[in-house]
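So you can see what is in the structure, the chains are spelled out below.
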Amino acid sequence: MDIRLMRYFLAIAQEGNLTKAANRLHISQPSLSKQMKELEEELGRTLFTRGNRNITLTDDGMYFRKRAQEIVDLTDKLLVDLDMEDMDVAGDIHIGCAETTEMDCLAAIMKEMKEEYPQVMFHIHSGNAVDIQERIEKGLYDMGLFVGLPKSTRMEMYPLHESIEWGGGDAQG
């Protein structure tokens with residue numbers, strides 16, 4: 001399966017309309033329609049419900065959209081990383097974070113790094129522990145800040161020893 005077809009599929013899913021997606025992608029609408037039919041045949045699944053003017057995703061289409069987006073994001077990250085390989089310290093750092101008071105500490109560290117390495121860009125993504133852990137394991141996030149311990153031992157973990165109050169009791173964060 002070609003990454004280009006995934007990008008085309010995602011554009012259609014985002015636009016909800018073949019003509020708008022084709023215009024955005026700078027290809028003809030009949031060509032785009034043909035390629036999506038071939039993708040559906042390759043997968044053996046119907047991804048779209050085609051209406052008069054709009055296209056909606058089937059359940060298989062919604063599942064494919066989620067996975068295709070992950071693959072496209074990972075591919076884009078790989079290409080950026082390869083481009084940055086020959087340069088000074090630069091690039092994108094994606095961090096998944098639960099809402100916690102430890103964000104203050106993380107923000108201070110990012111500020112110091114940004115001053116020393118101005119070509120480093122930080123991207124903070126909010127989420128729950130399960131989502132963050134899944135995206136770290138898939139390579140979409142470089143690190144995560146959790147409240148509590150994640151359920152996997154496949155990651156290196158560095159506990160933060162700040163004490164936070166929650167509901168009147170002390171807990172280690």
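Along each chain, residues carry numbers from 1 onward, in the same order as the chain's sequence is written. Totals for whole chains, interfaces and linings use every residue, but because this is a predicted model, local features are given only for residues with pLDDT of at least 70 and side-chain atom pairs only at 80 or more, for both listing and counting. In computing side-chain values, all of the structure's heavy atoms are included and hydrogens and water are not.

Draft legend 1. Layout of the packing of helix α1 (residues 3-15) against helix α2 (residues 18-25). Lines fitted to C-alpha atoms define the axes, with helix axes restricted to the stretch in contact, and inter-axis angles between N-to-C directions lie between 0 and 180 degrees. Only DSSP runs of H or I with at least four residues qualify as helices, and only runs of E with at least two residues qualify as strands; both kinds are numbered from the N terminus onward. Contact geometry for α1 and α2: axes closest at 8 Å, N-to-C directions at 130°. Judged by the angle between their axes, α1 and α2 are oblique. The handedness of the crossing between α1 and α2 is right-handed. Only L18, K20, A21, R24 and L25 of α2 make contact with α1, whose side of the interface consists of Y8, A11, I12, Q14 and E15. Residue polarity follows a fixed list, in which Ala, Val, Leu, Ile, Met, Phe, Trp, Tyr, Cys and Pro are nonpolar, Asp, Glu, Lys and Arg are charged, and the others, Gly among them, are polar. Classifying every residue of the contact of α1 with α2 by side-chain character gives six nonpolar, one polar and three charged. The cut-offs work like this: below 35 degrees is roughly parallel, past 145 is roughly antiparallel, 65 to 115 is roughly perpendicular, and the gaps in between are oblique. Left-handed describes a crossing in which the near helix is turned anticlockwise from the far one by less than a right angle; the clockwise case is right-handed. The contact criterion used throughout is that any non-hydrogen atoms of two residues lie within 4.5 Å.

Draft legend 2. Geometry of the nonpolar core. Counting 21 residues, the largest nonpolar core has F9, I12, L32, M36, F48 and F64 as the members making the most contacts within it. Counting only elements with at least two residues in this core, the list comes to α1, α2, α3 (29-43), β2 (55-57) and α4 (59-84). Top element by residues in this core is α1. It accounts for eight residues. Residues I132, L140, Y141 and F146 belong to the second largest nonpolar core, which totals six residues. Definition used in this section: a nonpolar core is a set of buried Ala, Val, Leu, Ile, Met, Phe, Trp, Tyr and Cys residues joined via side-chain atoms within 4.5 Å. Throughout, exposure labels follow a simple rule: accessible area from a 1.4 Å probe, protein chains only, divided by the maximum for the residue type, with under 20% read as buried, over 50% as exposed, and the rest as partly exposed.

Draft legend 3. How the structure looks around α2. Three or more residues of α2 are buried, namely L18, A21 and A22. Each buried residue of α2 sits inside an arc of 100° when the element is viewed along its axis, so together they form one side. Along its buried surface, α2 packs onto α1, α3 and β2. Side-chain atoms alone can form a polar contact between residues adjacent in sequence; in general such a contact is a pair of N or O atoms within 3.5 Å, and within protein one must be able to donate a hydrogen while the other accepts it. Its side-chain oxygen 2.9 Å from the backbone nitrogen of T19, N17 forms the N-cap of α2. Think of the arc as the fan of directions from the helix axis to the C-beta atoms.

Draft legend 4. Representation of a nonpolar patch on the surface. Together, L78, L79 and L82 line one region of the surface with nonpolar side chains, adding up to about 280 Å² of accessible area. Inspection of the secondary structure puts L78 in helix α4. Exposure remark for L78: the relative accessible area of 48% places this residue in the partly exposed category. Patch criteria: residues need more than 30% relative accessible area and no salt bridge. Like-charged residues are merged within 9 Å; nonpolar side chains of Val, Leu, Ile, Met, Phe, Trp and Tyr are merged within 5 Å. Where accessible areas are quoted, they stem from the Shrake-Rupley method and a 1.4 Å probe; at the residue level, only the protein chains shown are allowed to cover. A carboxyl oxygen of Asp or Glu within 4 Å of a side-chain nitrogen of Lys or Arg is what we treat as a salt bridge.

Draft legend 5. The packing of α2 against α3, seen in detail. Running from N to C, α2 and α3 cross one another at 105°; their axes reach a closest spacing of 9 Å. Judged by the inter-axis angle, α2 sits roughly perpendicular to α3. On the side of α2, the interface is formed by L18, T19, A21, A22 and L25, while α3 contributes Q29, L32 and S33. Partitioned by chemical class, the residues of the contact of α2 with α3 number five nonpolar, three polar and no charged.

On their own, these measurements won't tell you what the molecule is for.
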